[in-house]
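Residues per chain are reported as follows:
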Amino acid sequence: MSNVEAEPEELQCAPVGPAAGVEVLEAREVPLGGPRAMQVRRTLPQRARTLIGAWCFADHYGPVEVASAAGMDVPPHPHTGLQTVSWLFAGEVEHRDSMGTHAFIRPGEMNLMTGGLGIAHSEVSTPGTAVLHGVQLWVALPEADRRAPRDFQHHVPEPVRVGGAEIRVFLGSLAGSASPVRTFTPLLGAQIDLDPHAALTLDTDPDYEHGLLVDAGDATLNGTAIRPAELGYTAPGATTLRLVNEGDAPARAILLGGPPFGEEIVMWWNFIGRSHDDIAAAREDWESAADRFGAVEGYPGRRLPAPALPNAVIMPRRNPPPRA
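Just so we're clear, the structure is a prediction, and the values are computed from it rather than from any experiment. (Residues numbered from 1 in each chain as written. Predicted model: local features only at pLDDT ≥ 70, side-chain atom pairs only at ≥ 80, totals over all residues. Heavy atoms only, no water.)

Trainee: Just to check I follow, could you spell out the sheet that holds strand β21 (residues 219–221) for this structure?
Mentor: The strands that make up a sheet are held in pairs by hydrogen bonds between backbone atoms, and each pair lies either parallel or antiparallel. If you trace the four strands from one edge of the open sheet to the other, you get β19-β24-β21-β22, paired in antiparallel fashion. Here the strands that pair on one side only, and so sit at the sheet edges, are β19 (199–203) and β22 (224–226). Sheet twist, expressed as the mean angle between neighbouring strand axes with direction ignored, is 30 degrees. In terms of strand pairing, β21 meets strand β24 (residues 240–245) through three bridges, oriented antiparallel. Note on β24: the bridge partner recorded for Ala219 is Asn245. (Pairing = 2+ DSSP bridges. Helix = DSSP H or I, 4+ residues; strand = E, 2+ residues; numbered from the N terminus. Axes fitted to C-alpha atoms, helices over the stretch in contact; angles between N-to-C directions.)

Trainee: Looking at this structure, I do not really get the pattern of salt bridges. What am I missing?
Mentor: Any two side chains of opposite charge can pair, so long as their charged atoms come close to each other. A full pass over the atoms with the stated rule returns 17 salt bridges. Residue Glu143 is joined to Arg146 by a salt bridge in which the shortest nitrogen-to-oxygen separation is 2.8 Å. Among the ionic pairs, Arg227 bridges to Glu230, the shortest N-O distance being 2.6 Å. Looking at Glu230, the relative accessible area reads 7%, which means it is buried. (Salt bridge = Lys/Arg side-chain N within 4 Å of Asp/Glu carboxyl O. Buried < 20%, exposed > 50% of the residue type's maximum accessible area, 1.4 Å probe, protein only.)

Trainee: I tried to follow unusual backbone geometry on my own but got confused; where do I start?
Mentor: Leaving glycine aside, a negative phi is the common case for residues, and trans is the common case for peptide bonds. That bond from Leu44 to Pro45 is cis: its omega, 0 degrees, falls within 30 degrees of zero. Here the residue pair Gly62 and Pro63 is connected by a cis peptide bond, since its omega of 5 degrees sits within 30 degrees of zero. Relative to the elements of secondary structure, Pro63 occurs in strand β5 (residues 55–65).

Trainee: Explain the nonpolar core here, please?
Mentor: The nonpolar side chains of a soluble globular protein tend to be buried with one another. Core analysis: the biggest nonpolar cluster contains 33 residues, and Trp55, Cys56, Val85, Phe170 and Leu171 have the highest contact counts within it. Those elements that place two or more of their residues in this core are β5, β7 (82–90), β10 (110–115), β12 (131–140), β15 (165–171), β23 (231–234) and β25 (251–258). The greatest single-element share of this core, amounting to five residues, is contributed by β12. The residues touching Cys56, leaving out its near neighbours within four places in the chain, are Leu44, Pro45, Thr50, Leu51, Trp138, Val139, Ala140, Ile265, Met267 and Ile272. Grouped together as the second largest cluster of nonpolar side chains are 24 residues, Tyr208, Leu221, Ile226 and Ala253 included. (Core = buried A, V, L, I, M, F, W, Y, C linked by side-chain atoms within 4.5 Å. Contact = heavy atoms within 4.5 Å.)

Trainee: Hey, could you run me through the environment of Ala178 in this one?
Mentor: Inspection of the secondary structure assignment puts Ala178 in strand β17 (residues 177–178). Ala178 sits in the exposed class, given a relative accessible area of 58%. Sequence-wise, Ala178 and Glu158 are 20 residues apart; in three dimensions their C-alpha atoms are separated by 9.6 Å.

Trainee: Looking at this model, I keep getting lost on the pairing of strand β11 (residues 119–125). Mind explaining?
Mentor: One face of the sheet, then the other: side chains in a regular strand alternate in exactly this way. Burial analysis of β11 places six of its seven residues in the buried class, the great majority of the element. Note: strand β6 (residues 73–79) against β11, five bridges, orientation antiparallel. Looking at the pairing, Pro78 lines up with Ala120 of β11. Summarising the sheet, strand β8 (residues 93–97) and β11 pair through five bridges and their orientation is antiparallel. By the bridge assignment, Arg96 is partnered in β11 with Ser122.

Trainee: In this structure, what is going on with the sheet that holds β5? I would like to understand it.
Mentor: Taken in spatial order, the seven strands line up as β3-β4-β5-β12-β7-β10-β13 in an open sheet, and their pairing is antiparallel. The strands lining the two open edges of the sheet, one partner per strand, are β3 (28–31) and β13 (151–155). With strand direction ignored, the average angle separating the axes of adjacent strands in the sheet is 25 degrees. Judged from the five bridges that link them, β10 and β13 form a sheet pairing that is antiparallel. When the bridges of β13 are listed, Met110 appears paired with His155.

Right under this line is the structure:
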């Protein structure tokens, strides 16, 4: 998925009481790249919080009725220094990349693509898709691995039932379920579906910080209400998280986590580097069709051009220091 923003805007980050220990990150709507822009809701990155673990980007979209609105049609575009994680609740998306991969993304199935030194891909919702609904997530690669070779992994996690919840762990481990997918830093990624009025206490790694992105329902995280499209953040230190669905309908959320990512990153368009020069070089290579990114075969159209660089130096970012 292409990030059409050159520089993330300020989002609101509302701490909710010292006892709760939960910050609520609000989303903003932005257009997805390409000639037929689909609106998505973005909670990461923002000035108040750049990363949760190594998770550095979270887009949440739909449900969109494709027959009456633009579906997903993102032409070939580049990535550096990151992994993309695609996860759907409804619909189907066709993926093509410069490794020669031709795959589909369906509900309950994860596609993870590594674009360290450089990769290109396209994403298009299929003709049979009536409703499109899901999340697109990015993971920053650490300095030692940010030039890693291209890679693509597909995983279908088995759902596990825990009390009044169903959990699908697509990265890391949770509730006795573990994903075999390779990552470059410890990570957690899971879909959690809560029955009406269900409560769930999860054992968690105290070295991890966590983010709960609510898709639907009346969910609370450690007693703090998280509305749909909001993300609740908790700092490292806790050994449990408590999720409650206080409504009469099912609730659904994506739980993300990982140890704090201590490195500063520079993030612009679809590139992650460590300096302005890293970004400028990646843009130049993409615009000149350098071998660094390869070519995407089979997409019926032109590739996505890079926007112009800003007239200022793009500065590194890291998370703010923890509150005392």
